[in-house]
Structure formats: structure tokens, C-alpha cells
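Residue-level listing of the chains:
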Amino acid sequence: KSFFSQFRQNISEVVAMGVLEKSPLYVFDIDRTLITTFDFKGDKIWLKNMKPPFVALDDFIIKGANETYAVLDIGVREVLSHLENQNKKIAFLSVGAQQNVEYDLQPTIHILKLFNIYHYFNDQKHILYKTAKKDEVLRHMGECVFFDDNNKHLLEAFGLNNVTAVDRKSFTFWEELL
């Protein structure tokens, strides 16, 4: 088997073996892992491309001033709540920051708060510029389960002894993990 097919098989096994009970720390990418963002044409964009003011249209959709829409993936709140109830540490690690913009002014942070999920993140909160390497951060986080949608970040994380990497694309809805 190729390295990549072995990697995919390992991820499927992780999901099947109860990944939400496996570790003391859970680390989530944000863009296209927890939240998917679209422009007015329906094309996927990054959260950092949304412009304030932001308006919550309902519990799952936030609209930006520039006709952009952030959609919270189905089951995200339930998974985060489950982890919180299990006294797990919950962190995020995103390379979706706007350059030279303070943490509290990042669109991603505003959106997490508007979706009322920011409070679940009770451990490290990393919102970094796109040139940052996630594996360098993960290496120092201790034993963790890391969810991401990007093959590059997943492959780098897969090489770390302290990380169980889970491909967000390996399941449809977050509730499947409960």
C-alpha cells in the first residue's frame, strides 16, 4: 500500500475506535473543519475573507457585510459539548489569520463567538498566518487528537508520535463521532 492509502486506512480505524474518548486534548482546525465559508456565488472562501459587521441569520449561518456566509458544520456544538462534559481540553489551531491583525479583531474569532462555540475552547487558541507550520505547534502540545481537512497538515501531523490525526473529510457529520 502507498503511504497515503495507509494513512487513509489509519484515519478510518481511528474514527471507528471511538476517537472522542482517546485523548486528554482535542485540537481543531477551523476553516472547512468546523466552519465552511462561501462567497455570494457559493464558492468556498476562507473565514478571514469575511468583512464585518457580521449578522447571525440563525444558529448555523452568519452573514458578512461583503455577501459572504459562514456555515457551522452539523454536529459541531454537540461534539464540543460532549468533550467539555468529558472534562477534555479543547484547543484550536488555524492558519487562517489575517496578517498584522490583532487576535481579538480576527474575523475567525468574531465568528466563533457569534456561533457561541468560542467558550468551548478551554486550552490553547492558535490563530496563525498561513505560512505557519501546524506540525511545529502540534509537536509541543502533548498527546492530542487533531482534526483538519487539509492533506498537507494531516500528513505532517501523522508523522508526529504525540498526535492522532483525523481527516475531516473522512466523515460527513460531526455527530457520527458521538
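Everything numeric in this text was worked out from a predicted model, so none of it was measured.

### Here's the deal with the overall build of the protein chain
For the protein chain, the helix and strand inventory stands at five helices and ten strands. For the protein chain, the C-alpha radius of gyration of 16 Å lies close to 16 Å, the compact-globule estimate for 178 residues. With the C-alpha coordinates of the protein chain rotated into their principal frame, the extents come out at 45 × 35 × 30 Å. Looking at the protein chain alone, contacts between residues at least 24 apart form 62% of all its contacts between residues at least 6 apart. Put simply, the protein chain has 21 plus and 24 minus side-chain charges, and the middle of one group is 5 Å from the middle of the other.

### Things to note about the layout of surface pockets
Of the pockets and cavities examined, the largest pocket occupies roughly 240 Å³. Contributing to the lining of the largest pocket are 14 residues, with Trp-46, Val-95, Gly-96, Asn-150 and His-153 lying nearest its centre. Each residue belonging to the lining of the largest pocket can be placed in one class, and the counts come to two nonpolar, four polar and eight charged. Size it by volume and the second largest pocket reaches roughly 160 Å³. Along its surface, the second largest pocket is lined by Arg-32, Thr-36, Phe-38, Lys-44, Val-71, Asp-73, Asp-149, Arg-168 and Lys-169. Residues that form the lining of the second largest pocket fall into these classes: two nonpolar, one polar and six charged.

### Some thoughts on helix 2 (residues 76-85)
In an α-helix, one turn spans 3.6 residues, which is why side chains three or four residues apart end up on the same side. Regarding helix 2, the residues found buried are Val-76, Arg-77, Val-79, Leu-80 and Leu-83. For helix 2, the buried positions fall inside an angular range of 165° around the axis, keeping them on one side. The secondary structure elements touched by the buried residues of helix 2 are strand 1 (25-28), strand 6 (69-72) and strand 7 (89-94). Once helix 2 ends, the next one or two residues include Asn-87, with phi positive near 55°.

Thresholds, definitions, all that
- Residues numbered from 1 in each chain as written.
- Predicted model: local features only at pLDDT ≥ 70, side-chain atom pairs only at ≥ 80, totals over all residues.
- Heavy atoms only, no water.
- Helix = DSSP H or I, 4+ residues; strand = E, 2+ residues; numbered from the N terminus.
- Rg over C-alpha atoms; globule rule 2.2 N^0.38 Å.
- Contact = heavy atoms within 4.5 Å.
- Lys, Arg positive; Asp, Glu negative; His and termini not counted.
- Charge placed at Lys NZ, Arg CZ, Asp CG, Glu CD.
- 1 Å grid on protein atoms, 1.4 Å probe; cavity = no way out; pocket = protein on both sides within 12 Å on 5 of 7 lines; lining within 4 Å.
- Points joined across faces, edges and corners; volume = space filled by probe spheres on them.
- Nonpolar A, V, L, I, M, F, W, Y, C, P; charged D, E, K, R; others polar.
- Buried < 20%, exposed > 50% of the residue type's maximum accessible area, 1.4 Å probe, protein only.
- Arc of directions from axis to C-beta.

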